[in-house]
Structure formats: structure tokens, C-alpha cells
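# Structural overview
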Amino acid sequence: MLFGAILVLSWLILLIRYPSKALPISLAALIGLGLVTSWVLWEESRENRHLAHLELRLDYAPDSCPGDRPLALNLKNDSEAALRELQWQIAAYRPGDRINLAERLYETPRYSGPGDLQPGAEWQTCLPLPTLRSGYRASTLKFRAERLQGSFSR
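All values derive from a computational prediction rather than experimental measurement.

## Here's the deal with the state of the cysteines
- Evaluated as defined, the whole model comprises one disulfide.
- Here C65 engages in a disulfide with C126; their sulfurs sit 2.1 Å apart. Sign of the S-S torsion, about -70 degrees for the bond between C65 and C126, identifies this disulfide as left-handed. With C65 in the loop between β1 (54-60) and β2 (71-77) and C126 in strand β5 (residues 122-127), the pair connects residues that are 61 residues apart, well separated along the chain.
- In this structure C65 comes out as buried when scored by relative accessible area, which is 7%.
- According to the relative accessible area criterion, C126 is buried, its value standing at 16%.

The following block contains the structure:
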């Protein structure tokens, strides 16, 4: 923080004392910073657009999944780019309610998906249940994936 303040103060002093030399360099630096910022924002919107095209469905299915992993996950990549990696957290809700019943602890697991999922491809697996608040049964809840973070190939 102190280093940044010293740099800004030095830049202001140079701009006041030598405006003919400092102004063109400052403008070039601002243009470069603007280009980098616009590139980062474009990449972020691209990733969000691809994440919006993912279809991720979670169902409580103890009949078709092992006992220690009763959540059936079905992921379909409807975007035009291959999914390289995906991470998410699982939330549990009573039907018609907005209160998340999965406990958010410091050590709450982040689930991760397939390595490479091509456009139009599907991936299915079984996952363990998140830690639920006491008094709720998993069979009465609806599960959703939240806080999706992913990366796609170009």
C-alpha cells in the first residue's frame, strides 16, 4: 500500500515538474491499462456466457447411486467450446423455499467436474451429499449447483 502511494505521488510530481515528457508516457500507460482491462472483462464475459450454456442437474437417487454417494449428477455441455474444468458447490432447498439447508462451513467441499467435456457431450456421476442442517432429510430436498466456476477451450 505504501509502495503504491509512493508511486502515485512520484508520478504526480513528475507530471507537474515535467509535463511535456510525463504526459505522453502517462497517456500510453493509461491506454495500455485500458486495453488490459477490456481484455480481462471480455474473457470473463466469455466464460460466463459458456457457463450459462451448461445444463447441470442434481437428483437425490439412492436407488441408482452407491450409498455413500446418493446424488446423481447429469452435466450436458450445450456451449460451442469444450469444457476444460468445472467447480461448484451444492445447495439444498425445500421445494418452494429460498433458504439453503446445506451447511456452509470453512471446509465445505467444492465439487469438480470432468477434465474435458466436448460440446454436446454429457457426463454422469454420483456425488456425496453436502452436510445438511439437522432435522432435514435429503429425500425431501431439491439440490442445486451454485457458484459455478469453469474454464473453456478457445
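## A short note on unusual backbone geometry
- Even without a glycine there, the phi angle at R147 is positive, about 55 degrees.
- Owing to a relative accessible area of 55%, R147 belongs among the exposed residues under this scheme.

## Looking at the pairing of strand β3 (residues 83-93)
- With eight of its eleven residues buried, β3 lies for the most part within the structure.
- Here nine bridges tie β3 to strand β6 (residues 142-152), and the two strands are oriented antiparallel to one another. Bridge pairing in β6 places A91 opposite R144.
- Pairing geometry for β3 and strand β4 (residues 111-112), over two bridges, is antiparallel. Bridge pairing in β4 links Q87 to S112.

## Regarding the nonpolar core
- Residues I90, L127 and F143 are the most contacted members of the largest nonpolar core, which totals 22 residues.
- Residue assignment for this core shows that the elements contributing at least two residues are β1, β2, β3 and β6.
- The leading source of residues in this core is β3, at five residues.

## Brief notes about the sheet that holds β2
- Ordered in space as β1-β2-β5, the three strands form an open sheet in which the pairing is antiparallel. Edge positions in the sheet fall to β1 and β5, since each of these pairs with one other strand and no more. Looking at each pair of strands side by side, their axes are set apart by 15 degrees on average, direction ignored.

Calculation rules
- Residues numbered from 1 in each chain as written.
- Predicted model: local features only at pLDDT ≥ 70, side-chain atom pairs only at ≥ 80, totals over all residues.
- Heavy atoms only, no water.
- Disulfide = S-S within 2.5 Å.
- Helix = DSSP H or I, 4+ residues; strand = E, 2+ residues; numbered from the N terminus.
- Buried < 20%, exposed > 50% of the residue type's maximum accessible area, 1.4 Å probe, protein only.
- Pairing = 2+ DSSP bridges.
- Core = buried A, V, L, I, M, F, W, Y, C linked by side-chain atoms within 4.5 Å.
- Axes fitted to C-alpha atoms, helices over the stretch in contact; angles between N-to-C directions.

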